[in-house]
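Residues per chain are reported as follows:
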Amino acid sequence: VQLQASGGGLVQPGGSLRLSCAASGMIFTINAMHWYRQAPGKQRELVASITSGGSTNYADSVKGRFTASRDNAKNTDYLQMNSLKPEDTAVYYCNRIDYGPSRIDSWGQGTQVTVSS
């Protein structure tokens with residue numbers, strides 16, 4: 001599975017961005033998408049997850065501000081980020097897990113999100 005991430009950029013505090021992660025290749029109906037971020041000098045952090053059934057989970061630090069969604073017809077996942085804070089600055093990664101005859105674990109290339117005035 002190949003993942004193409006996009007949508008990062010520079011935004012002022014309080015602003016919004018939407019990240020996208022498009023999947024192609026050998027994908028399966030049962031899958032999950034996880035969104036991670038890694039700030040300089042910090043460990044990678046799981047911020048949001050969404051399953052093929054539509055269930056979502058969020059880190060406490062982003063709950064109420066970030067929303068994971070997906071367009072199954074386009075095999076594309078989105079992470080809508082609102083009310084952004086400087087501490088949201090990080091490289092964001094999408095990680096898709098497909099559950100077929102074997103588990104396929106795929107990563108996007110990472111996209112930089114910078115929240116600064």
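Let me begin by describing the structure that accompanies this report. (Residues numbered from 1 in each chain as written. Predicted model: local features only at pLDDT ≥ 70, side-chain atom pairs only at ≥ 80, totals over all residues. Heavy atoms only, no water.)

### What to know about the overall build of the protein chain
Counting secondary structure elements, the protein chain contains zero helices and 11 strands. For the protein chain, the succession of helices and strands along the chain, N to C, is β-β-β-β-β-β-β-β-β-β-β. At 14 Å, the protein chain has a C-alpha radius of gyration in line with the 13 Å of a compact globule built from 117 residues. In terms of principal-axis extent, the alpha carbons of the protein chain reach across some 45 × 25 × 25 Å. With 117 residues in all, the protein chain has 42% of them scored as buried. For the protein chain, the proportion of contacts with a sequence separation of at least 24, taken over those separated by at least 6, is 53%. When the 11 positive and 8 negative side-chain charges of the protein chain are each reduced to one mean point, those points stand 1 Å apart. (Helix = DSSP H or I, 4+ residues; strand = E, 2+ residues; numbered from the N terminus. Rg over C-alpha atoms; globule rule 2.2 N^0.38 Å. Buried < 20%, exposed > 50% of the residue type's maximum accessible area, 1.4 Å probe, protein only. Contact = heavy atoms within 4.5 Å. Lys, Arg positive; Asp, Glu negative; His and termini not counted. Charge placed at Lys NZ, Arg CZ, Asp CG, Glu CD.)

### Quick look at the sheet that holds strand β8 (residues 76-81)
Pairing is antiparallel in the open sheet, where four strands are placed in the order β1-β3-β8-β7. Looking along the sheet, the strands with just one partner apiece sit at the ends: β1 (2-6) and β7 (66-71). Neighbour-to-neighbour, the strand axes of this sheet turn through a mean angle of 15 degrees, independent of strand direction. Here strand β3 (residues 17-24) pairs with β8 via six bridges, running antiparallel. Across the sheet, the residue bridging to Arg-18 is Gln-80, located in β8. (Pairing = 2+ DSSP bridges. Axes fitted to C-alpha atoms, helices over the stretch in contact; angles between N-to-C directions.)

### Points about the pairing of strand β5 (residues 45-51)
Two faces belong to every sheet, and in a regular strand the side chains alternate between them. Summarising the sheet, strand β4 (residues 31-38) and β5 pair through six bridges and their orientation is antiparallel. Looking at β5, one finds that Arg-37 is bridged to Glu-45. Taking the residues between adjacent antiparallel strands as the criterion, β4 and β5 are bridged by six residues, where Gly-41 takes a positive phi near 80 degrees. Sheet topology places β5 next to strand β6 (residues 56-58); three bridges connect them, and they run antiparallel. Residue pairing in the sheet places Ile-50 in a bridge with Thr-56 of β6. Adjacent in sequence and paired antiparallel, β5 and β6 are bridged by four residues, among which Gly-54 carries a positive phi angle near 95 degrees.

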